[in-house]
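Observations on the three-dimensional arrangement
Next come the chains, spelled out residue by residue.
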Amino acid sequence: MIDFHVDKGGAEPAYAQLVRQVREGMRLGLLVAGDQLPTVREVVASCVVNPSTVLKAYRELELSGLVEARQGAGTFVSGSLGSADPHAMARLRLRLANWLAEAREAGLEAEDMQALFGSVVAESSMTERGRGASA
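Residues numbered from 1 in each chain as written. Predicted model: local features only at pLDDT ≥ 70, side-chain atom pairs only at ≥ 80, totals over all residues. Heavy atoms only, no water.

**Description of unusual backbone geometry**
Convention followed: A helix here means a DSSP run of H or I that spans at least four residues, while a strand means a run of E at least two residues long, and both kinds are numbered starting from the N terminus. Only protein chains enter the area calculation, which uses a 1.4 Å probe; residues under 20% of their type maximum are buried, those over 50% are exposed, and those in between are partly exposed.
A positive phi angle, near 50 degrees, is found at V48, a position not held by glycine. Here V48 lies in the loop between α2 (40-47) and α3 (51-63). Of the residues examined, V48 reaches a relative accessible area of 59% and is grouped as exposed.

Have a look at this one:
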C-alpha cells in the first residue's frame, strides 16, 4: 500500500500531490492493478488534509481510468502506466541514487538537482523530436 506525503508549503495543491504520487507509484510498478489505495480516513489522518482533498484526488484518478471506487470496499488501482521492465527500473533507480549522492557531495541542493535533471530531460526530448522530424 502507498504511503502518501503532502507538502503543505509547496506550490502544488495537496490533491495534485496525491494524484502524482499514485501515478508515480504506478509508473514505478509499486502500485499495480488490484492494489487498494488507503481509505480517505487513513489519508486524512496521515497527511492532515481535508477529506474533500482526498476525494478530489481519487475522483481525478477515477476519471482518468486509473482507479475504481467499489462501494463499501474502497478504491482500487484498475489501470496501468508505463511498461518499463521492473529490473531495468531498479537498476536505473540505483544509478540515479548514486548520482544524487555524488551531486550532494558536489554541493548541489535539491532545487539545483531538479533544475539540472529537468534541463537534461528537456534537451533529450528536443533531440528526439528533431530525430523524428528528420526521419
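**Quick notes on the packing of helix α1 (residues 14-27) against α3**
Here is the rule we go by: Structural elements are reduced to axes, namely lines fitted to C-alpha atoms, with helices fitted over the stretch in contact, and the angle between N-to-C directions of any two is expressed from 0 to 180 degrees. For classification, angles of less than 35 degrees are called roughly parallel, those exceeding 145 degrees roughly antiparallel, those between 65 and 115 degrees roughly perpendicular, and all remaining angles oblique. Each crossing gets its handedness from the near helix: less than a right angle anticlockwise from the far helix is left-handed, clockwise is right-handed. Every residue pair with non-hydrogen atoms within 4.5 Å of one another is taken to be in contact. Each residue gets one of three labels, nonpolar for Ala, Val, Leu, Ile, Met, Phe, Trp, Tyr, Cys and Pro, charged for Asp, Glu, Lys and Arg, and polar for the others, Gly among them.
Put simply, α1 and α3 touch, their axes get as near as 8 Å, and they point 45 degrees apart. Here α1 lies oblique to α3, going by the angle between them. In the packing of α1 onto α3, the handedness of the crossing is right-handed. Between α1 and α3, the residues in contact are A14, Y15, L18, V19, V22 and R23 and T53, V54, K56, A57, E60 and L61, respectively. A per-class count over the contact of α1 with α3 returns eight nonpolar, one polar and three charged.

**Looking at the confidence of the model for the chain**
For clarity, the cut-off: A score from 0 to 100, pLDDT tells how confident the predictor is in each residue.
When pLDDT is averaged along the chain, the result is 90; 97% of the residues meet or exceed 70. Across the chain, the element-wise mean pLDDT spans from 82 in helix α5 (residues 110-134) up to 97 in α3.

**Digging into the pattern of salt bridges**
Note the following rule: Salt bridge, as used here: a side-chain nitrogen of Lys or Arg that lies within 4 Å of a carboxyl oxygen of Asp or Glu.
According to the stated counting rule, one finds three salt bridges in the structure shown. As a salt-bridge pair, E24 and R20 come within 3.4 Å of each other at their nearest N and O atoms. Note that E24 and R20 are positioned in helix α1 at a spacing of four residues, about one turn of the helix. Since its relative accessible area comes to 37%, E24 is described here as partly exposed. Since its relative accessible area comes to 32%, R20 is described here as partly exposed. Among the ionic pairs, R70 bridges to E68, the shortest N-O distance being 3.0 Å. Within the structure, one salt-bridge network assembled from shared partners comprises E12, R20 and E24.

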